[in-house]
Amino acid sequence: GSATEAWAIDLRTMEREKIVPNGTGTVLLKITTNPTNGKLYLAYKGEDKISVWDPNTKQVSDLLTRNGLDNLMDVIQAIAFDAAGNLIAAATDGSNAGYIYKVDSSGAYTLIAGGGNKVITEDITEDPKTAKLEKAEGLMVDKDGYIWFSDGNSGTRKTKILKPGKNGYQDATIILVCK
């Protein structure tokens, strides 16, 4: 993406509100809506942060910044929400290692996949944090909490699913959809 400004438009009244001003040097990469509260969540390149726009107050606040993730994150690749209203974010670091985080409404985050050394050539049932992800992106979460994502570099990209276990994402399985 290369958008440098974003507008919220109320389709009932056609009122417009600029939520990301132009000229800030910030590039808006991803935008999604939290279905539980109607707020817009915006992921930026350049500032490497996730902000929240509240349609009731018309205010933007930072939910998570690069410093919030202990500088592990270089680029947010994708954002989506699970059915519980948690933000799921895919990010990469400077070496294209991939990470998937669960972020709650306070900005507290938990690494749920990636950061390990295990190359995924088949389904893995151990801790998904042992998995080596490469540039995880193209994220979506279905109604059952399964996180579908694309992983790999150009020419080796594969579709994978992070399937929650009995304890949610703590005992999840990574399923390789396309081998």
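All residue numbers refer to position in the chain's written sequence, counted from 1. Per-residue local features of the predicted model are confined to residues with pLDDT of at least 70, and side-chain atom pairs are confined, for both listing and counting, to 80 or more; whole-chain, interface and lining totals are unaffected and use all residues. Think of the side-chain values as coming from all heavy atoms in the structure, minus any hydrogens and water.

Here's the deal with the environment of lysine 158
Alright, step 1. Numbering of helices and strands runs from the N terminus, with a helix taken as a DSSP run of H or I at least four residues long and a strand as a DSSP run of E at least two residues long. Within the fold, lysine 158 resides in strand E15 (residues 158–165).
Alright, step 2. Sequence separation between lysine 158 and leucine 176 is 18 residues, and the spatial gap between their C-alpha atoms is 7.5 Å.

Re the sheet that holds strand E16 (residues 168–176)
Alright, step 1. Here the rule is simple: two strands pair whenever DSSP picks up at least two bridges between them. Pairing within the open sheet is antiparallel, and its four strands lie in the order E13-E14-E15-E16. This sheet does not close on itself; its edge strands, each paired only once, are strand E13 (137–141) and E16. Strand-to-strand twist of the sheet, defined as the mean angle between neighbouring strand axes without regard to direction, takes the value 25°.
Alright, step 2. Both E13 and strand E14 (residues 147–151) contribute to a ladder of three bridges, which runs antiparallel. Bridge pairing in E14 links glutamate 137 to serine 150. Fitted lines through C-alpha atoms serve as axes, helices being fitted only where they are in contact, and the angles separating the N-to-C directions of these axes extend from 0 to 180 degrees.

Details of the confidence of the model for the protein
Alright, step 1. Model confidence for the protein is summarised by a mean pLDDT of 78, while 80% of its residues fall at 70 or above.
Alright, step 2. What pLDDT conveys is the predictor's confidence in a given residue, as a value from 0 to 100. The least confident element of the protein, judged by mean pLDDT, is strand E11 (residues 118–119) at 70; the most confident is E14 at 89.

Looking at the pattern of salt bridges
Alright, step 1. When a carboxyl oxygen of Asp or Glu is within 4 Å of a side-chain nitrogen of Lys or Arg, the pair counts as a salt bridge. Following the criterion strictly, the structure yields three salt bridges and no others.
Alright, step 2. Close ionic contact of lysine 39 with aspartate 54 constitutes a salt bridge, the shortest N to O distance being 3.7 Å. Of this pair, lysine 39 sits in the loop between strand E3 (27–33) and strand E4 (40–45) while aspartate 54 sits in strand E5 (residues 49–54), and the two are 15 residues apart along the sequence.
Alright, step 3. Relative accessible area decides the class of each residue, using a 1.4 Å probe on protein chains only: under 20% of the type maximum gives buried, over 50% gives exposed, and in between gives partly exposed. The exposure class assigned to lysine 39 is partly exposed, which follows from its relative accessible area of 25%.
Alright, step 4. For the salt bridge of lysine 160 with aspartate 151, the shortest nitrogen-to-oxygen distance reads 2.5 Å. Here the two residues lysine 160 and aspartate 151 agree in accessibility, since each one is buried.

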